Amino acid sequence: MARSRAARQRPHGIGRTRPPLHPTRALALPLAFTTALAAMSRLPAVHGQRMLAWSILGAAGILLMALAVLRLRANGRTFAIDVQLRPQHYLQACAQGTVLLYWGYYWPPVYAAIPLIVAQLLFAYAFDMLLAWSRRDTYTLGFAPFPVIFSINLFLWFRADWFYLQFLMIAVGFAAKDLIRWERDGRRTHIFNPSSFPLGVFSIGLLLTGTTSMTWGVEIARTQFNPPHIYVLLFLIGLPGQLLFGVTTMTMSAVLTTYGFGLAYFALTGTYFFIDSYIPVAVFLGMHLLFTDPSTSPRTEIGRIVFGVIYGLSNVVLYAVLGRLGLPTFYDKLLPVPLMNLSVRFIDRMAPRMLHALNPARLGAALAPRRRNLMYVTVWTAAFVSMSAAEGVGDHHPGHAVPFWQRACAENRHDACATLGQIADIYCQDGSGWACNEAGVLRAEGRVDPAETAAARFAHACSLGNAIGCQNSVRPAGVAPRRSSPRLADYPVVLRYGKGPLPDRTPFELHTRACGQGWLDGCEGVAIAHLRGDGVPRDPGKAAEFFETACRGGLPTGCANVGFMYYSADGVPKDEARGVAHLRQACDMGHPDACRWLADVRPAAVPAAERVPLQ
């Protein structure tokens, strides 16, 4: 016997429709969810925050009113529950939940927000049920609310005083899914991804009203880089959905488009578009778990590739526009998806015609869908491994190191000084005297606006114990400010690259990390430790290597010290000519003691204890 049309249209999954229920019995389920939501206002983590507790109680109260209205209007009706456990929902929820748990381990506010995520799930189930039964007799019960709530919480939370807006955002998402629909492939289906639509709408509202501070949006985008190997995790958790639902080409084309743009931008400007990455982690997350909903994306393979390219380019354009306007750039991944959802029918209609020769479906036409998906995943895996090997994605990137931006600024590369100024301001706020002084110098030189705040930066540097900052704060008019070098006290701040506190604690460990990032003073610090046996066994040979590194980078004291070592055979083979050449380098770089030693003193007579960096 042929299946019914409803059965034929039902997505793959475990399903069961229960017999119709009297309204009183059926509405007991949303009532239970609403009661549980109200009870959460009494949790210790919630009860102590008055506005948060009232937000939860207010959401529960609105649900109770809606439930009462529905019961009054339900005379003569029966309600049914269609249980559907769809892989599209529970696989997505498992992937998102994994990200939340892993991220939360490295950023505690995520774990602190778990009760609020539970509250949102309770609200979502109750709201979705009441909305469905207000329009039809059957509600589909499954895991559908989980990926919606998890996705929203991966990108945007409202702070406690404004948490009622979180419930409103959820209501907008579910209402849009149920009310805004169109005919597609012979079926009446929703247009918008139920998580990306409210995220896009509320992002616009926050931008227009200048109220981003009501959310944790900036902190979310920054801290998602905290966990180690986060790119690898996102890649791996995306694979099951890509294999089952054929969304690989969307993710792959979005990632490769953004990465390709980053490479071209660096080739043209010598700087990095996204500052410390080719693809920010939050954007990479959006490319895996935000815009790839198979229900609201193109159905054709070439259409999905075009969809991914549009998303990748949209992130680039929006990041540039928001940055130029002085607005938070983390909205770049949230704003384009609703408009893209509206375009999917056009993309599916036009892409196969216009890009027929590029359609990868032609190559895999003889393969079954699962094997074709496996082919795409294999290509994507090869691409991801190649990008990881080239540091296109991963925990390390040249833009993480401040010396890169110092060199780029000195060479007047595109936006390098502005970026260095942003980094210095952040590190100044975090307590680095060097960063405050550097921010002041950049302003005094006119490289960063506003220039009038240079004095305030120098004063702050002085208050943090930076001696050069103190001198700059009282320098006479017309005298150029001096730069300083980071000290050990600065290193825990300026050596970070988004992974939380540094594991290094000893001076030797900190100097070693500094040297690895390109700080010449760090290389000299490692050399001095080896020369003196300070914290490590004395090893003049290694000391000479690190002094050479500092010297090649342009540090006068590095040249002077290694020059003395070679001239006097201090742990290295005696080479007077090489020693004098290094001392001459140091003198030419402006090291006055090197000039004096060359002219007046036999270098071998200078005690090793006096060979310390000129600060």
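All values reported here derive from a predicted model rather than from experimental measurement.

### As for the overall build of the protein
Consideration 1: Looking only at helices and strands, one finds 31 helices and 5 strands in the protein.
Consideration 2: On the principal axes, the C-alpha backbone points of the protein span a range of 110 × 60 × 45 Å.
Consideration 3: Residues counted as buried form 50% of the 615 residues belonging to the protein.
Consideration 4: At a minimum sequence separation of 6, the contacts of the protein that also span at least 24 residues come to 70%.

### Observations concerning the packing of helix H28 (residues 540-552) against helix H29 (residues 556-568)
Consideration 1: Where H28 contacts H29, the two axes come as close as 8 Å, and the packing angle between them is 140 degrees. Crossing geometry of H28 relative to H29 is assigned as left-handed. Taken together, the residues of H29 that come into contact with H28 (itself represented by Pro540, Ala543, Ala544, Phe547, Glu548, Ala550 and Cys551) are Gly558, Cys559, Asn561, Val562, Met565 and Tyr566.

### Remarks on the nonpolar core
Consideration 1: Grouped together as the largest cluster of nonpolar side chains are 142 residues, with contacts concentrated most on Leu37, Trp133, Ile279, Phe291 and Trp380.
Consideration 2: Considering each element in turn, this core owes the most residues, 13 residues, to helix H8 (residues 114-135).
Consideration 3: What Phe291 contacts, discounting residues up to four positions off in sequence, is Met250, Thr251, Ala254, Gly286, Phe307, Gly308, Tyr311, Val337 and Met340.
Consideration 4: Formed by 10 residues, the second largest nonpolar core is a distinct cluster that contains Ile528, Leu531, Phe547 and Tyr566.

### Digging into the packing of aromatic side chains
Consideration 1: For the structure shown, the criterion picks out 42 aromatic pairs.
Consideration 2: Ring centres of Tyr272 and Tyr278 lie 5.7 Å apart, and the angle between their planes is 90 degrees; this geometry places the pair in the edge-to-face category. Of the two residues, Tyr272 and Tyr278, neither departs from the other in class, the shared state being buried.
Consideration 3: Here the aromatic rings of Phe404 and Trp405 are separated by 5.0 Å at their centres, their planes lie at 90 degrees, and the arrangement is edge-to-face. Here Phe404 and Trp405 have matching classes, each one buried.
Consideration 4: A network of ring pairs unites the aromatic residues Phe33, Tyr90, Tyr125, Phe143, Phe146 and Phe150 as a single cluster.
Consideration 5: Sitting over the ring of Trp216, Arg159 keeps its end group 4.2 Å from the ring centre.
Consideration 6: When the ring centre of Tyr567 is taken as reference, the NZ or CZ atom of Lys574 above it lies at 5.3 Å.

### Points about the side chain of Asp348
Consideration 1: Examined against the element boundaries, Asp348 turns out to sit in helix H18 (residues 344-354).
Consideration 2: Owing to a relative accessible area of 15%, Asp348 belongs among the buried residues under this scheme.
Consideration 3: If we ignore the near neighbours within four places in the chain, the residues touching Asp348 are Arg184, Pro298, Arg299, Thr300 and Gly303.

### Structural notes on the pairing of strand E5 (residues 187-190)
Consideration 1: As defined by bridge partners, strand E4 (residues 181-184) adjoins E5 across 4 bridges and the pair is classed as antiparallel. Looking across to E5, one finds that Arg181 is bridged to His190.
Consideration 2: Between E4 and E5, which pair antiparallel in sequence order, lie 2 residues; one of them, Asp185, sits at a positive phi of approximately 55 degrees.

### A closer look at the state of the cysteines
Consideration 1: Throughout the structure, instances matching the rule amount to 6 disulfides.
Consideration 2: Bridging Cys515 to Cys523, the disulfide has an S-S length of 2.1 Å. Residues Cys515 and Cys523 share a disulfide whose torsion about the S-S bond is about 90 degrees; that sign makes it right-handed.
Consideration 3: A relative accessible area of 2% means that Cys523 is categorised as buried.
Consideration 4: At a sulfur-sulfur separation of 1.9 Å, the disulfide partner of Cys587 is Cys595. Between Cys587 and Cys595 the disulfide shows an S-S torsion of about 105 degrees. By sign, it is right-handed.
Consideration 5: The partly exposed category is assigned to Cys595, whose relative accessible area is 26%.

### Here's the deal with helix H10 (residues 164-179)
Consideration 1: The end-to-end C-alpha distance of H10 is 22 Å, a good match for the 22 Å that 16 residues give at a rise of 1.5 Å each.
Consideration 2: If you check which residues of H10 are buried, you get Leu165, Gln166, Phe167, Met169, Ile170, Ala171, Gly173, Phe174, Ala175, Ala176 and Asp178.

### Side note on a positive patch on the surface
Consideration 1: Where like charges cluster on the molecular surface, the positive patch consists of Arg188, Arg345, Arg349 and Arg353.
Consideration 2: In terms of residue count, H18 provides more of the positive patch than any other element does, 3 residues in total.
Consideration 3: Inspection of the secondary structure puts Arg349 in helix H18.
Consideration 4: The class for Arg349 is partly exposed, based on a relative accessible area of 44%.

### Here we look at the packing of helix H3 (residues 28-39) against helix H5 (residues 50-72)
Consideration 1: Closest axis-to-axis distance for the H3/H5 pair is 8 Å, and the angle between their directions is 160 degrees. Judged on the interaxial angle alone, H5 and H3 are roughly antiparallel. Along this stretch, H3 crosses H5, giving a crossing that reads as left-handed. Between H3 and H5, the contacting residues are Pro30, Leu31, Thr34, Leu37 and Ala38 on the first element and Ile56, Leu57, Ala59, Ala60, Leu63, Leu64 and Leu67 on the second.

Thresholds, definitions, all that
Residues numbered from 1 in each chain as written. Predicted model: local features only at pLDDT ≥ 70, side-chain atom pairs only at ≥ 80, totals over all residues. Heavy atoms only, no water. Helix = DSSP H or I, 4+ residues; strand = E, 2+ residues; numbered from the N terminus. Buried < 20%, exposed > 50% of the residue type's maximum accessible area, 1.4 Å probe, protein only. Contact = heavy atoms within 4.5 Å. Axes fitted to C-alpha atoms, helices over the stretch in contact; angles between N-to-C directions. Left-handed = near helix turned anticlockwise from the far one by under 90°. Core = buried A, V, L, I, M, F, W, Y, C linked by side-chain atoms within 4.5 Å. Phe/Tyr/Trp six-rings, centres within 6.5 Å; stacked < 30°, edge-to-face > 60°. Lys NZ or Arg CZ within 6 Å of the ring centre and 35° of its normal. Pairing = 2+ DSSP bridges. Disulfide = S-S within 2.5 Å. Expected span 1.5 Å × (residues − 1). Patch = residues over 30% accessible without salt bridge, like charges linked within 9 Å, V, L, I, M, F, W, Y side chains within 5 Å. Areas by Shrake-Rupley, 256 points an atom, 1.4 Å probe, with all protein chains shown as cover. Salt bridge = Lys/Arg side-chain N within 4 Å of Asp/Glu carboxyl O. Lys, Arg positive; Asp, Glu negative; His and termini not counted. Charge placed at Lys NZ, Arg CZ, Asp CG, Glu CD. Parallel < 35°, antiparallel > 145°, perpendicular 65-115°, else oblique.

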